[in-house]
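# Report on the structure
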Amino acid sequence: EPEVTQTPSHQVTQMGQEVILRCVPISNHLYFYWYRQILGQKVEFLVSFYNNEISEKSEIFDDQFSVERPDGSNFTLKIRSTKLEDSAMYFCASSEPTYSGSSYEQYFGPGTRLTVT
Amino acid sequence: RKEVEQDPGPFNVPEGATVAFNCTYSNSASQSFFWYRQDCRKEPKLLMSVYSSGNEDGRFTAQLNRASQYISLLIRDSKLSDSATYLCVVKGGDDKIIFGKGTRLHILP
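Anyway, here's the lowdown on the structure attached to this text. Everything numeric in this text was worked out from a predicted model, so none of it was measured. (Residues numbered from 1 in each chain as written. Chains lettered and ligands numbered in written order. Predicted model: local features only at pLDDT ≥ 70, side-chain atom pairs only at ≥ 80, totals over all residues. Heavy atoms only, no water.)

## Here's the deal with the side chain of Asn55(B)
Residues and elements named next belong to chain B. By secondary structure assignment, the location of Asn55 is in strand β6 (residues 55-57). Residue Asn55 is classed as buried on the basis of its relative accessible area, which comes to 15%. Of note is the side chain of Asn55, whose polar atom sits 2.6 Å from the backbone oxygen of Ser49. What Asn55 contacts, discounting residues up to four positions off in sequence, is Met48, Ser49, Val50, Phe60, Thr61 and Ala62. (Helix = DSSP H or I, 4+ residues; strand = E, 2+ residues; numbered from the N terminus. Buried < 20%, exposed > 50% of the residue type's maximum accessible area, 1.4 Å probe, protein only. Polar contact = N/O pair within 3.5 Å; in protein donor to acceptor, adjacent residues only side chain to side chain. Contact = heavy atoms within 4.5 Å.)

Rendered as structure tokens:
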């Protein structure tokens, strides 16, 4: 069964450093998403991406964040100048297209646990 | 009113019982609705989409009431493996996806 993969599974970084979280979505999916989940809290939408551009982003997704699809398979989330409060689990998800757009049935990767010290 | 609201639980239910979860949403323009389950420290996994006519998948039944802005999930004949957090997910009129905080379910042997 195809699945979304993410690397690394755990990233530890110092405050102020830049991190890049990587995701390989399911191969025939065209819609990609990033979410974060702070420990003990709900899953929060960050950004959706389609056709090589951001289609929607939340208030959390400020200038500190950027996304990129550098090649045909990877989808990355870059966090510049990390802060302590960026510590969270970051999930990538993808969904397949339908004739009217995204199916919105999203399949999640296992997540990257980011710890900022 | 919170965008997506769920009873946090926990629901402690004996094996074999029927359990029901409710979820309310605030945006009347919301278009798509889903139930996910999340095991401890794992990713959310899609359980089922929720359609206006209601839908069933084995022991799981989902209902949508647009007039009351309310979604439900019913689990019949609960199994130990059903223990998890159940997440109500709503897509608004834009492309934003909003998760509820989830309802924790413990199935007791």
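## Quick word on the packing of aromatic side chains
Enumeration over the complete set of coordinates arrives at 18 aromatic pairs over all chains. With a centroid separation of 6.0 Å and an interplanar angle of 90 degrees, the aromatic rings of Phe108(A) and Phe99(B) are classed as edge-to-face. Of this pair, Phe108(A) sits in strand β12 (residues 107-108) while Phe99(B) sits in strand β10 (residues 97-99), each in a different chain. The exposure classification of Phe108(A) matches that of Phe99(B), with both residues buried. Geometrically, the ring pair formed by Tyr36(B) and Phe99(B) is tilted, given 5.9 Å between the ring centres and 45 degrees between the ring planes. You can see Tyr36(B) sitting in strand β4 (residues 32-38) and its partner Phe99(B) sitting in strand β10, a full 63 residues away along the chain. Of the residues examined, Phe99(B) reaches a relative accessible area of 1% and is grouped as buried. Here a set of aromatic residues connected by ring pairs shows up, and it is made of Tyr33(A), Tyr35(A), Phe45(A), Phe91(A), Phe108(A), Phe34(B), Tyr36(B) and Phe99(B). (Phe/Tyr/Trp six-rings, centres within 6.5 Å; stacked < 30°, edge-to-face > 60°.)

## What to know about the state of the cysteines
Residues and elements named next belong to chain B. Going through the model one piece at a time under the given rule, you end up with two disulfides over all chains. One disulfide bridge connects Cys23 with Cys88, the sulfur atoms lying 2.0 Å from each other. With the S-S bond torsion at -75 degrees, the cross-link from Cys23 to Cys88 turns out left-handed. Here Cys23 is found in strand β3 (residues 19-25), whereas its partner Cys88 is found in strand β9 (residues 84-91), with 65 residues between them in sequence. Look at Cys23 and you get buried, because its relative accessible area is 1%. (Disulfide = S-S within 2.5 Å.)

## Structural notes on the pattern of salt bridges
All names here are of chain B. The tally for this structure, following the rule as stated, stands at six salt bridges over all chains. The closest approach of N and O atoms between Arg59 and Asp82, which form a salt bridge, is 2.8 Å. A residue pair is termed long-range when its members are at least 10 positions apart, and Arg59 in the loop between β6 and β7 (60-65) and Asp82 in the loop between β8 (70-75) and β9 qualify at 23 residues. Overall, the relative accessible area of 3% leaves Asp82 in the buried class. Among the ionic pairs, Lys79 bridges to Asp77, the shortest N-O distance being 2.9 Å. (Salt bridge = Lys/Arg side-chain N within 4 Å of Asp/Glu carboxyl O.)

## Observations regarding the nonpolar core
Ranked by internal contacts, the top residues of the largest apolar core, which has 24 residues, are Phe21(B), Trp35(B), Ile71(B), Leu73(B), Ile75(B), Tyr86(B) and Leu105(B). For this core, the secondary-structure elements that each account for two or more residues are β3, β4, β5 (44-50), β7, β8, β9 and β11 (103-108) of chain B. With residues up to four places along the chain from it excluded, the contact list for Ile75(B) reads Ala17(B), Thr18(B), Val19(B), Phe21(B), Arg59(B), Phe60(B), Asp82(B), Tyr86(B) and Leu105(B). By size, the runner-up hydrophobic cluster in this structure holds 21 residues, among which are Phe61(A), Ala88(A), Tyr90(A) and Leu114(A). (Core = buried A, V, L, I, M, F, W, Y, C linked by side-chain atoms within 4.5 Å.)

## Digging into the sheet that holds β6(B)
Residue and element names in this part refer to chain B. Spatially, β1-β3-β8-β7-β6 is the arrangement adopted by the five strands of the open sheet, whose pairing is antiparallel. Only two strands of the sheet have a single neighbouring strand rather than two, namely β1 (4-6) and β6. Taken pair by pair, the neighbouring strands of this sheet meet at an average axis angle of 20 degrees, ignoring direction. Pairing of β7 with β8 involves six bridges; the strand directions are antiparallel. Within β8, the residue paired with Gln63 across the bridge is Ser72. (Pairing = 2+ DSSP bridges. Axes fitted to C-alpha atoms, helices over the stretch in contact; angles between N-to-C directions.)

## With respect to the layout of surface pockets
Its volume calculated, the largest pocket comes out at about 710 Å³. Along the wall of the largest pocket there are 29 residues; nearest its centre are Gln37(A), Gly40(A), Gln41(A), Thr85(B) and Lys101(B). The set of elements that each furnish at least two residues to the lining of the largest pocket consists of β9 (88-95) of chain A together with β1, β9 and β11 of chain B. Its residues assigned to classes, the lining of the largest pocket comprises ten nonpolar, nine polar and ten charged. (1 Å grid on protein atoms, 1.4 Å probe; cavity = no way out; pocket = protein on both sides within 12 Å on 5 of 7 lines; lining within 4 Å. Points joined across faces, edges and corners; volume = space filled by probe spheres on them. Nonpolar A, V, L, I, M, F, W, Y, C, P; charged D, E, K, R; others polar.)

Keep in mind that these numbers describe shape and distance, not what the molecule does.
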